[in-house]
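# Chain and residue survey
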Amino acid sequence: PVFLSSPSLSSVRVDEGAGGWSPLSSDRYQWLEVDLGERTKITAVATQGRYGSSDWLTSYQLMFSDKGHNWKQFRQEDSIGFFPGNSNADSVVQYKLHQPAVARFLRFIPLDWNPVGRIGLRLEAYGCPYTSDIMGFDGSSSLTFRLGPRLKHGSKQVVSLKFKTLRNSGTLLHVEGQDGMALSLELERGTLHILIVLLINASTSSSSEQLTSLGSLLDDQHWHHLVMRQRNSQLNLTVDKHTETVETPKGFNLWDGNVTFTCAEPVSVAVTFPGPSSFLQLPWTAPSSSGEMSLEFQFRTWNKAGLLLTFSLPLLGGEVWLYLNDARLHLQIQKGGSALNDGQWHMVDLTSRRGRLTVSVNKQKGGVAHASPSFPVMVLDQIFFGGCPAQNYNQDCRNPYDTFQGCMRLITLDSQPVDLIMVQQRLLGNYSQLQIDMCGIIDRCSPSHCEHGGLCSQTWSVFHCNCSDSGYSGATCHSSVYEQSCEAYKHNGNTSGYFYIDVDSSGPIKPQLVYCNMTDENTWMEVQHNNTELTKVRPSPGENQHMVHFNYMSAEEQLKAILHQSEYCQQELSYQCRKSRLLNTQEGSPFSWWLGGPGLGLVQTYWGGAHPGSQQCACGLQGDCVDPQLYCNCDADRLEWNEDSGLISHKESLPIRSLVLGDVRRPGSEAAYRVGSLQCHGDRNFWNAAFFDKETSYLHFPTFHGELSADIAFFFKTTASFGVFLENLGIKDFIRIELSSSNQVVFSFDVGNGPLEVQVNSSYLLNDNRWHRVRAERNVKEASLRLDDLPVATQEAPAEGHIHLQLNSQLFIGGTASRQRGFRGCIRSLQLNGVTLDLEERAEITPGVRPGCPGHCSSYGSLCQNQGRCVEKTTGFHCDCSLSAYIGAFCHTEVSADFKPTTSVSYTIKDPKELSRNSSYSPSSFHPDSILRGENVSLSFRTTQSPALLLLISSTFTEYLALLINSHGKQDASSLNSFTFFSAMIYDYIHAFIIILFIFQIDDNAREDFNLSSAEELSSLKSLVLGQIQDLDDLDPDLARLGSLGFTGCLSVVQFNSITPLKAALLHPETSPVQVLGPLVRSNCGSSVSANPYSAENTRHLSGNRMTVTWVTQQMITRLLIIRKITLRSAVLIGFVVFASCLPASFPVYQQLYLH
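Residues numbered from 1 in each chain as written. Predicted model: local features only at pLDDT ≥ 70, side-chain atom pairs only at ≥ 80, totals over all residues. Heavy atoms only, no water.

A count of helical and extended segments in the protein chain gives nine helices and 81 strands. Looking at the 1156 residues of the protein chain, the share that counts as buried comes to 52%. Sequence separation of 24 or more characterises 69% of the internal contacts of the protein chain that already satisfy a separation of 6 or more. (Helix = DSSP H or I, 4+ residues; strand = E, 2+ residues; numbered from the N terminus. Buried < 20%, exposed > 50% of the residue type's maximum accessible area, 1.4 Å probe, protein only. Contact = heavy atoms within 4.5 Å.)

Shown next, in the form of structure tokens:
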């Protein structure tokens, strides 16, 4: 029996009555239709199995209709098209509809049933009668509603109505306001557009501006609910369940009231082809002897390809296919219109008359094609739409194309309409897997699940998001591809430059371009505006004040987020003046002021370097103004130029929005101003961390709300092999991320379709007490998990299933509600949907959890290059480059200089004996390189000079070590890689090292090590000289001659053990024991050199007896290491060099040792 209950939702009485509905055949072509007698608002349905049997449904579809045709499927969450049924014949399963359905007819379609029984059903529907006034419009009629004097406009106006139509275009509502403005609500291609129309006058055309559009497929002849709510200038437009908000022009108002109407309802029976096995077979009854045929139909689809119809020819055994390919209509060859996969209805007309074949789309508006085959094109006896029966079922149908998925209606064969209801009743033709008397097309792009401006496209069953140029990635363009701050870029190993940052990650704030300055210990983020240069004041004629506005490259919400997340911000504010007073007047009001802070900014009467509200400049705060009685230098009103400048660092006053300069019109007044870029450093979110020291400890936060899309990102480090990072539970749903083993992270969740897992396995240990990054995302299409830089793992969501993640418990961080498998270690920078959780604040008040987490060098220390030393900070680290020849954030920037022939750089190496005799030196000041265990010399150079002396190291005992460039005679291939070491005896007790290393393997040079021994030590070092040698005494005459010539070219990153003479001369000349003679200009002449010390030269030229080196790679210089072996009184030389050149014949050779 079928019951209609009252709205009180009374229960099904299983103890009264027996039996139930059970069709003769149990298949998916059966249904039970219920006529409720009148339009009813249906709120719930309940089912039982057939009384006293093994017959019940395990799942079913629910359809509804107003007139008993044109059925519409009821869907939960816009994705689930079925209802779970019963598990036995007696229990009652009731479902409340999340949104009531208004209909007279219900239809229950069995999908699955008890496998050992049959279809069996008892049901009950819950609801109440629904009445409303209805009006019909034929396309040329209209209804005018004029406001009476008793209707008063308030601050809130509401217009609501329901409509349904088969036409995809037309004006639904037109409201004329005052001042020649009107609002028009128009249906265009099944989508509702709201336009503001400017009515110029009756004889001229009006202009319109579209405010927004909403809805899709609204021409499906089903009721759609429209509501417009206006409060002041804000207008909310709602179509069914989806709302858009727009701003209307000032002074425009809707009227108060409710209007409900509809359109006429011509009967149109549609058929849906939902799957790959769908087809419709119809008999062709017209005689083929006439030589003519015609057919037409309408279709709509999202797919670009699919078979529309096919039939066999009566002669020659041929076949005809009409199909879609790349959204174009094809008949044998590519002909017809385009963009036919737009979800709109398209009419196709195929005729064959007197040997001429014609196919047209949309009554020739969309395209027409003709052909004149040499044989008649006629239907043999059957015509197939959409596809073909299963193989071996019908030999008259072949489909070499994709199966059609979409809807068809108004099928006409030889001018005779096809009665699809007879097809449904098996009285005409044949079909499989069709949904007749309904069009089941769904617009998965309205509303779009593509976020951040991603473009949505779709097929019959899925949608896709194109995230190109959006700055976001993922299946729904949810996750930002950019980091949130310059600090984050630095810890990825980046150096200074322009970067896009996304301050709220997956949140609504768009990415912005900033400059990241990483040359300092702090990493500065710089936001530019339209004028950061020193600008002379040129007041406008007739204006007593000069006002300047500054427009920033970042939007308001971006600036606000930067200021909030940064630890410190500043902006330079400078005023240069000549008889132009700045702040203080005799009556106390300021001459000038500036506006700063959020929005347009608040008036600020202090200057750079002073405190807010002080009405002072920096000199007033420090007490050193040019006039001690005043608080700004410029207020002294002097004829000479003065300046008041300093930094604004009060974040509530930043950024500086505008300046108002008041004393600029007097005779003789001159002034200039400068407002620097907004500069911030420190990322409070990036280093926000907590340490969990027990498995039972955890932090808890409010419930995480990520119903349709959720992303979670954080860093962790641990020595434990397992632990739950995060967990949030619902009644059935949950979300969890955990370290399941020492090399596996698991992301698991359930949105009502059963638990799903995404796993990432690493080839390295994750419990190595180093920071590792986890990024997880779940949306309506898929779930993904990324660990460090490993490939991302994904898990697709079910095509039909629940999509809303419904959680209600607290969010647990570092543990679970059961206090089992808790995480032991550190978690930092935890973000959920772009919002950073303040772990440190919560850890302050939570036992077992400590705020902060030190020990960053173990993870980021490898970023410090070239002997740079990683130094721990409370929030992060920095690289100490004091022992490196390089500078920069990672000790990676070369220190280079151009040398001229007269340039000389002499670095004094302190003698420990002299230091011991001088009481002013402490033992800690002894230079370690004067007591040597070995020599390590490295440098980079570029020159065309040969021969040349690169470096000379001398000792107090007249010993020296020299590094030379020399040319060598032309060699054949057999003598390549030949090195020569020269040792010269000047006195019996003096030993000198003159290193002349050369190689003729120009390209693809490999590192080569050589061991050389000597009987003496090189000790008590005195000085290191680059360029021209000033003190030539005690040097070999030929070496002295070479040293007097100096060096012409580029020297870079010169280092001898821990001494960096070039860096000291260029950056610390006043505090280092270095003397510079002649021109020494710092340049970037060495910065383009390759970072690979063993790679080949980029360009070299070798001609005659001279080699000219035009480009040398970094570290392409001799590396020498002389290691003392005290017991043997010998030295070992280990070295490699990248090139050398020709030795002059006059150079003396006393001993030579050839190594191959």
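Time to look at the nonpolar core. Of all hydrophobic cores here, the largest spans 66 residues; its most connected members are Tyr 575, Trp 607 and Leu 659. Per-domain counts for this core show at least three residues from each of domain 4 (525-681) and domain 5 (688-852). Ranked by size, the runner-up nonpolar core spans 41 residues in total, among them Met 293, Ile 383, Met 408 and Leu 413. (Core = buried A, V, L, I, M, F, W, Y, C linked by side-chain atoms within 4.5 Å. Domains from an automatic or database assignment.)

Turning our attention to the state of the cysteines. Enumeration according to the criterion identifies 15 disulfides in this entry. The disulfide bridge from Cys 467 ends at Cys 477, spanning 2.0 Å between sulfur atoms. Given an S-S torsion of about -95 degrees, the disulfide between Cys 467 and Cys 477 has left-handed geometry. On the criterion of sequence distance, the pair formed by Cys 467 in the loop between β32 (463-466) and β33 (472-473) and Cys 477 in the loop between β33 and β34 (479-480) is long-range, its members being 10 residues apart. Of the two residues, Cys 467 and Cys 477, neither departs from the other in class, the shared state being buried. Each sulfur in the disulfide pair Cys 619 and Cys 625 lies 2.0 Å from the other. Every disulfide takes its handedness from the sign of the S-S torsion; for Cys 619 and Cys 625 that torsion is 90 degrees, giving right-handed. When sorted by exposure, Cys 619 lands in the same class as Cys 625, which is buried. (Disulfide = S-S within 2.5 Å.)

Applying the stated criterion to the full structure yields 23 salt bridges. Between Asp 220 and Lys 72 there is a salt bridge; the shortest N-O distance is 3.9 Å. Here Asp 220, found in the loop between β12 (207-214) and β13 (224-231), pairs with Lys 72, found in strand β4 (residues 72-73); they are 148 residues apart in sequence, far enough to count as distant. Several salt bridges share partner residues, and in doing so they unite Lys 579, Arg 581, Asp 637, Asp 663 and Arg 666 into one network. (Salt bridge = Lys/Arg side-chain N within 4 Å of Asp/Glu carboxyl O.)

Note the cis peptide between Leu 654 and Pro 655, where omega equals -5 degrees. Of note, Pro 655 is situated in the loop between β43 (642-648) and β44 (656-661). In this structure, the amide linkage connecting Ser 946 to the following residue, Pro 947, adopts the cis form with an omega of 0 degrees. Relative to the helices and strands, Pro 947 is located in the loop between β67 (936-942) and β68 (948-955).

Moving on, we get to the packing of aromatic side chains. Summed over all chains, the structure comprises 30 aromatic pairs. Both rings, one in Tyr 29 and one in Tyr 431, keep their centres 5.6 Å apart while their planes meet at 90 degrees; by these two values the pair is edge-to-face. With a gap of 402 residues between them, Tyr 29 in the loop between β1 (2-5) and β2 (32-48) and Tyr 431 in strand β29 (residues 430-432) connect regions that are remote in the sequence. Residue Tyr 431 is classed as buried on the basis of its relative accessible area of 6%. Directly above the ring of Phe 877 sits Lys 490, whose terminal nitrogen or CZ lies 5.6 Å from the centroid. Lying over the aromatic face of Phe 701, Arg 842 brings its terminal NZ or CZ to 4.5 Å of the ring centre. (Phe/Tyr/Trp six-rings, centres within 6.5 Å; stacked < 30°, edge-to-face > 60°. Lys NZ or Arg CZ within 6 Å of the ring centre and 35° of its normal.)

Let us look at the environment of Gly 1049. Residue placement: Gly 1049 occurs in strand β74 (residues 1049-1056). Sequence-wise, Gly 1049 and Cys 1085 are 36 residues apart; in three dimensions their C-alpha atoms are separated by 9.0 Å. Not counting the four nearest positions on each side in its chain, Gly 1049 is found in contact with Ala 897, Asp 898, Phe 899, Arg 942 and Thr 943.

This paragraph deals with helix α8 (residues 1037-1044). Among the residues of α8, Asp 1038, Leu 1039, Ala 1040, Leu 1042 and Gly 1043 are the ones counted as buried. In this structure, the buried side of α8 is in contact with β68, β69 (960-965) and β73 (1021-1027). In the segment just after α8, Gly 1046 is the residue with positive phi, at about 75 degrees.

With respect to the helices and strands, Arg 828 occurs in strand β58 (residues 825-832). Of note is the side chain of Arg 828, whose polar atom sits 2.4 Å from the side chain of Tyr 860. When neighbours within four sequence positions are excluded, Arg 828 is seen to be in contact with Phe 686, Trp 687, Asn 688, Ala 689, Phe 714, Phe 715, Trp 771, Leu 839 and Tyr 860. (Polar contact = N/O pair within 3.5 Å; in protein donor to acceptor, adjacent residues only side chain to side chain.)

Let us now look at the sheet that holds strand β11 (residues 191-198). Taken in spatial order, the four strands make up an open sheet running β9-β10-β11-β12, and their pairing is antiparallel. Two strands in the sheet have a free side with no partner beyond their single neighbour: β9 (170-176) and β12. Each strand of the sheet is rotated relative to its neighbour by a mean of 20 degrees, with strand direction disregarded. Judged from the eight bridges that link them, strand β10 (residues 181-188) and β11 form a sheet pairing that is antiparallel. From the neighbouring strand, Ser 184 faces β11, where its bridge partner is Leu 195. (Pairing = 2+ DSSP bridges. Axes fitted to C-alpha atoms, helices over the stretch in contact; angles between N-to-C directions.)

What follows is about the side chain of Gln 405. With respect to the element layout, Gln 405 can be found in the loop between β26 (382-385) and β27 (406-413). A polar contact of 3.0 Å, which involves the side chain of Gln 405, links it to the backbone oxygen of Pro 274.

Our focus in this paragraph is the environment of Thr 846. Looking at the secondary structure, you find Thr 846 in the loop between α5 (839-843) and β60 (849-851). Sequence-wise, Thr 846 and His 700 are 146 residues apart; in three dimensions their C-alpha atoms are separated by 9.4 Å. Filtering out sequence-adjacent residues up to four positions away, Thr 846 remains in contact with Tyr 698 and Leu 699.

A sheet is described by the order of its strands in space; here six strands give the open sequence β48-β57-β50-β51-β52-β53, paired in antiparallel fashion. Each of the sheet's edge strands pairs with one partner strand only, and the pair in question is β48 (699-701) and β53 (756-761). Across the sheet, the axes of successive neighbouring strands diverge by a mean angle of 15 degrees, strand direction being ignored.

Across the seven residues of strand β20 (residues 319-325), six count as buried, placing the element largely inside the fold. When β20 meets strand β21 (residues 328-331), the two strands line up antiparallel, connected through four bridges. Bridged to Tyr 323 within β21 is His 330. The turn linking β20 back onto β21 is made up of two residues, and Asp 326 within it adopts a positive phi angle of 55 degrees.

This is a description of form; function is not addressed.
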